[in-house]
Amino acid sequence: MNKIRYTVYIILLATTFGFAQSDDNSDLESWNTLSLEYEPNKKWSFGLEEQLRLDQNMSEISEYFTQLETKYALTKKFDVGLGIRYIRENDNEGNVQGYENHFRINVDAYYKHKINDLKFKYRLRYQNKNELGIGTSEGDFAKQYLRLKAAVEYDFKNWKLDPKFSAEFFNRFKNGDVDQYNKYRLTVGTDYKIKNFGKLGLQYRYEKGIDVDIPQTTHIIGLKYTYTIKNKKK
């Protein structure tokens, strides 16, 4: 029971803190994900993900996308990865509104290690997102990011709801050069594995803009279901 309380307290504390930092320029979003993972061996893994995002206090569709990704383990601690994403993004501002087609690619480098019951994970990501059918222009550089994420998870013995926390910073490109941080994310959550069924995830995310006159604050509730297929050992 103490482990349940700890996990619930951490998520509630982060959620309460996030909403306490709200301002007039804030929104509540919902990110709902279905994910299929395939692990043919210890080196390679492949993933297919479908996600639906709601904004405007979860009353309108913000976007939905399909993502394919792969990861390769260089060593026990170092991984590299590649992901591609096709996005249908709802543009509901301005004179021309409707769904736009976007394509995103990301290249990742991962590092992980443990200290006693704490698991640490780090990810460096280069990301490039462009609208399909739109020619390259100077403004497209703002859609490129260098993202740095650090995460920690506490491993309770004989417990499935281990709490996780992460912080991520977005460093944008401008005119082809790395410019400066323009937003950050703080996330707290947990996963629950069900034998022969998959994994259920719940998270709360606080996102804040930086270096703008009126920064946008976003509160995000995330639900995720993941099913993993592994090759059976002979």
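Residues numbered from 1 in each chain as written. Predicted model: local features only at pLDDT ≥ 70, side-chain atom pairs only at ≥ 80, totals over all residues. Heavy atoms only, no water.

S.K.: I'd like a description of the pairing of strand β4 (residues 78-91), backed by residues and values.
M.R.: Across 11 bridges, the pairing between strand β3 (residues 60-73) and β4 is antiparallel. In the strand pairing of β4, Phe65 is matched with Ile87. With antiparallel pairing between neighbouring strands as the criterion, β3 and β4 make up a hairpin whose turn holds 4 residues. Across 14 bridges, β4 lies against strand β5 (residues 98-115) in antiparallel orientation. When the sheet's bridge partners are listed, Arg88 is paired in β5 with Asn101. (Pairing = 2+ DSSP bridges. Helix = DSSP H or I, 4+ residues; strand = E, 2+ residues; numbered from the N terminus.)

S.K.: Account for the environment of Tyr145, naming residues and giving values.
M.R.: With respect to the secondary-structure elements, Tyr145 resides in strand β7 (residues 144-154). Exposure remark for Tyr145: the relative accessible area of 16% places this residue in the buried category. Each C-alpha atom, one on Tyr145 and one on Asn128, is 6.6 Å from the other, the two residues being 17 residues apart in sequence. Other than its neighbours up to four places away in sequence, Tyr145 contacts Arg125, Tyr126, Gln127, Phe170, Asn171, Arg172, Phe173 and Asn182. (Buried < 20%, exposed > 50% of the residue type's maximum accessible area, 1.4 Å probe, protein only. Contact = heavy atoms within 4.5 Å.)

S.K.: Could you give me a rundown of the pattern of salt bridges, with the residues and numbers involved?
M.R.: If you walk through the whole model with that rule in mind, you get 11 salt bridges. In this structure, Glu39 and Lys230 form a salt bridge, with 3.9 Å as the shortest nitrogen-oxygen distance. Of this pair, Glu39 sits in strand β1 (residues 26-39) while Lys230 is found in strand β11 (residues 217-230), placing the two residues 191 residues apart along the sequence. With a relative accessible area of 26%, Glu39 lands in the partly exposed category. (Salt bridge = Lys/Arg side-chain N within 4 Å of Asp/Glu carboxyl O.)

S.K.: Describe the packing of aromatic side chains, and please don't skip the residues or the numbers.
M.R.: All chains considered together, the criterion is met by 11 aromatic pairs. Consider the rings of Tyr126 and Phe173, whose centres lie 5.9 Å apart with planes at 85°: the pair is edge-to-face. You can see Tyr126 sitting in strand β6 (residues 118-131) and its partner Phe173 sitting in strand β8 (residues 163-174), a full 47 residues away along the chain. A connected cluster of aromatic rings, assembled from ring pairs, spans Trp44, Phe46 and Tyr72. We note Lys183 situated over the ring of Phe170; from NZ or CZ to the ring centre the distance is 4.6 Å. (Phe/Tyr/Trp six-rings, centres within 6.5 Å; stacked < 30°, edge-to-face > 60°. Lys NZ or Arg CZ within 6 Å of the ring centre and 35° of its normal.)

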